[in-house]
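Below are the chains, spelled out letter by letter.
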Amino acid sequence: VGSVLVVDREREPSGILNQCVHSGFGLFHFGEVLTGPEYAERLVNDAARAGVTLLMETFVARLDSSLNAEVFSKTHGLLQIRPGAIVLAMGCRERTRAAAAIPGTRPAGVFSAGTAQRLINIEGYALGKKAVIVGSGDIGLIMARRLTLEGVEVAAVIEIRRTPSGLPRNVSQCLNAFSIPLKLGHRVAAIEGESRVTGVIVEPVAGGHSIRIECDLILFSVGLIPENELSAMAGATLLGSTNGLQLSGEMQTTVPGIFACGNAY
């Protein structure tokens, strides 16, 4: 390939890595255990040495099946781009409280786990004093530890399944090591509070007595959805059950010349 252009809407390259201040990255590529920002810095430096051009704070507004892209850049304004090939690497977005269909009021203090991670690790906000985490995905487990280290009491992690969703090592390092309760086979039946969260009602999935847990912060870690609005705009075939992409063995979408990688598929 003669030249590579990376277009990204964020201020800094590397996406979600920048807010992942915990270690655990880099062992495969660099033979070292690195934090997310450390790992990201090495990848950006490698890309720069390879001659890759990064166009930050740039939003892709349109993409068609002929590989015509219309982008809006904070620095360069409106641009029309026609590359020889496109790699879709938009990642994914988080499922929200609405996706979990939990009834109750709509108070402040309800966040998705990834949003809370960004607000704490990058923006520097304190989100609450006592938290409940819904879902035991890896982001939720990591945020249980992060909140504890920030002085927030994590009252419980609530998981509707009978087994944790995240990696066993994260259950061990993020929950067990900090004595954070994990309630398997339970669900949040209701959220309480008016202007601010005051508590949640938790009940066993198999039936039984419900309990009330007092809290002023709720994080949802209930799954991810591939970010494929641009893919659909270009005419690529999506998999309805996951919103992922139908790809060939060469990671090419159903549109010739458009490929995908990472959580976008």
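Owing to the predicted nature of the structure, the values given are computational and were not obtained by experimental measurement. (Residues numbered from 1 in each chain as written. Predicted model: local features only at pLDDT ≥ 70, side-chain atom pairs only at ≥ 80, totals over all residues. Heavy atoms only, no water.)

Draft legend 1. Main features of the overall build of the protein chain. Looking only at helices and strands, one finds seven helices and 21 strands in the protein chain. In terms of its C-alpha atoms, the protein chain occupies a principal-axis envelope of roughly 65 × 40 × 35 Å. A total of 265 residues make up the protein chain; the buried ones form 38% of that total. For the protein chain, long-range pairs separated by at least 24 residues make up 53% of all intrachain contacts whose partners lie at least 6 apart in sequence. Surface summary for the protein chain: the accessible area is close to 14400 Å², and the carbon and sulfur share equals 53%. (Helix = DSSP H or I, 4+ residues; strand = E, 2+ residues; numbered from the N terminus. Buried < 20%, exposed > 50% of the residue type's maximum accessible area, 1.4 Å probe, protein only. Contact = heavy atoms within 4.5 Å. Areas by Shrake-Rupley, 256 points an atom, 1.4 Å probe, with all protein chains shown as cover.)

Draft legend 2. Representation of the pairing of strand S14 (residues 186-193). Judged from the seven bridges that link them, S14 and strand S15 (residues 197-204) form a sheet pairing that is antiparallel. The residue of S15 that forms the bridge with arginine 187 is glutamate 203. Count of turn residues in the S14/S15 antiparallel hairpin: three residues. (Pairing = 2+ DSSP bridges.)

Draft legend 3. Representation of the packing of helix H4 (residues 113-121) against helix H5 (residues 138-149) within the structure. Where H4 contacts H5, the axes come no closer than 9 Å and their chain directions differ by 35 degrees. The two elements H4 and H5 meet at a crossing, and its hand is left-handed. For the pair formed by H4 and H5, the contact residues are Ala113, Gly114, Ala116, Gln117, Ile120 and Asn121 on the first element and Ile139, Gly140, Ile142, Met143, Arg146 and Leu147 on the second. Of the residues contributing to the contact of H4 with H5, the split by class is seven nonpolar, four polar and one charged. (Axes fitted to C-alpha atoms, helices over the stretch in contact; angles between N-to-C directions. Left-handed = near helix turned anticlockwise from the far one by under 90°. Nonpolar A, V, L, I, M, F, W, Y, C, P; charged D, E, K, R; others polar.)

Draft legend 4. Just the packing of H5 against helix H6 (residues 168-175), in detail. With their axes 8 Å apart at the nearest point, H5 and H6 run at an angle of 20 degrees to one another. As the angle between them shows, H5 and H6 are arranged roughly parallel. Relative to H6, H5 is oriented so that their crossing is left-handed. Each of Asp138, Leu141, Ile142, Ala144 and Arg145 in H5 lies in contact with H6, whose residues at this interface are Asn170, Val171, Gln173, Cys174 and Leu175. Partitioning the contact of H5 with H6 into residue classes produces six nonpolar, two polar and two charged. (Parallel < 35°, antiparallel > 145°, perpendicular 65-115°, else oblique.)

Draft legend 5. Layout of H5. Helix length check: H5 (twelve residues) gives 17 Å between terminal C-alpha atoms against 16 Å at 1.5 Å per residue, within 8%. Among the residues making up H5, those that are buried are Gly140, Leu141, Ile142, Met143, Ala144, Arg145 and Leu147. For H5, the elements touching its buried residues are H4, strand S11 (130-134), strand S12 (153-159), H6 and strand S17 (217-220). Trailing H5 by a residue or two, glycine 151 shows a phi angle of about 90 degrees, which is positive. (Expected span 1.5 Å × (residues − 1).)

Draft legend 6. Region of the structure containing the nonpolar core. Ile133, Met143, Ala144, Leu147 and Leu219 are the most contacted members of the largest nonpolar core, which totals 20 residues. Secondary structure elements with two or more residues in this core: H4, S11, H5, S12, H6 and S17. Take this core: its biggest share by element is five residues, from H5. Beyond its immediate sequence surroundings of up to four residues, isoleucine 133 is in contact with Gly140, Met143, Ala144, Leu147, Val154, Ala156, Val157, Ile158 and Leu219. Grouped together as the second largest cluster of nonpolar side chains are 15 residues, Val197, Val200, Val202 and Ile213 included. (Core = buried A, V, L, I, M, F, W, Y, C linked by side-chain atoms within 4.5 Å.)

Draft legend 7. Representation of the sheet that holds strand S13 (residues 182-184) within the structure. Ordered by their spatial adjacency, five strands build an open sheet running S10-S17-S11-S12-S13, and the pairing between neighbours is parallel. The sheet is open, and its two edges are formed by strand S10 (110-112) and S13, each paired on a single side. If you compare each strand with its neighbour and ignore which way they point, the axes differ by 20 degrees on average. One ladder, built from four bridges, connects S11 with S17; its direction is parallel. Within S17, the position partnered with isoleucine 133 by the bridge is leucine 219.

Draft legend 8. Local environment of H4. Every buried residue of H4 is listed here: Ala113, Gly114, Ala116, Gln117, Ile120 and Asn121. Here the buried residues of H4 occupy an arc of 160 degrees about the axis, which is enough to place them on one side. Of the surrounding elements, those touching the buried residues of H4 are strand S9 (92-94), S10, H5 and S17. (Arc of directions from axis to C-beta.)

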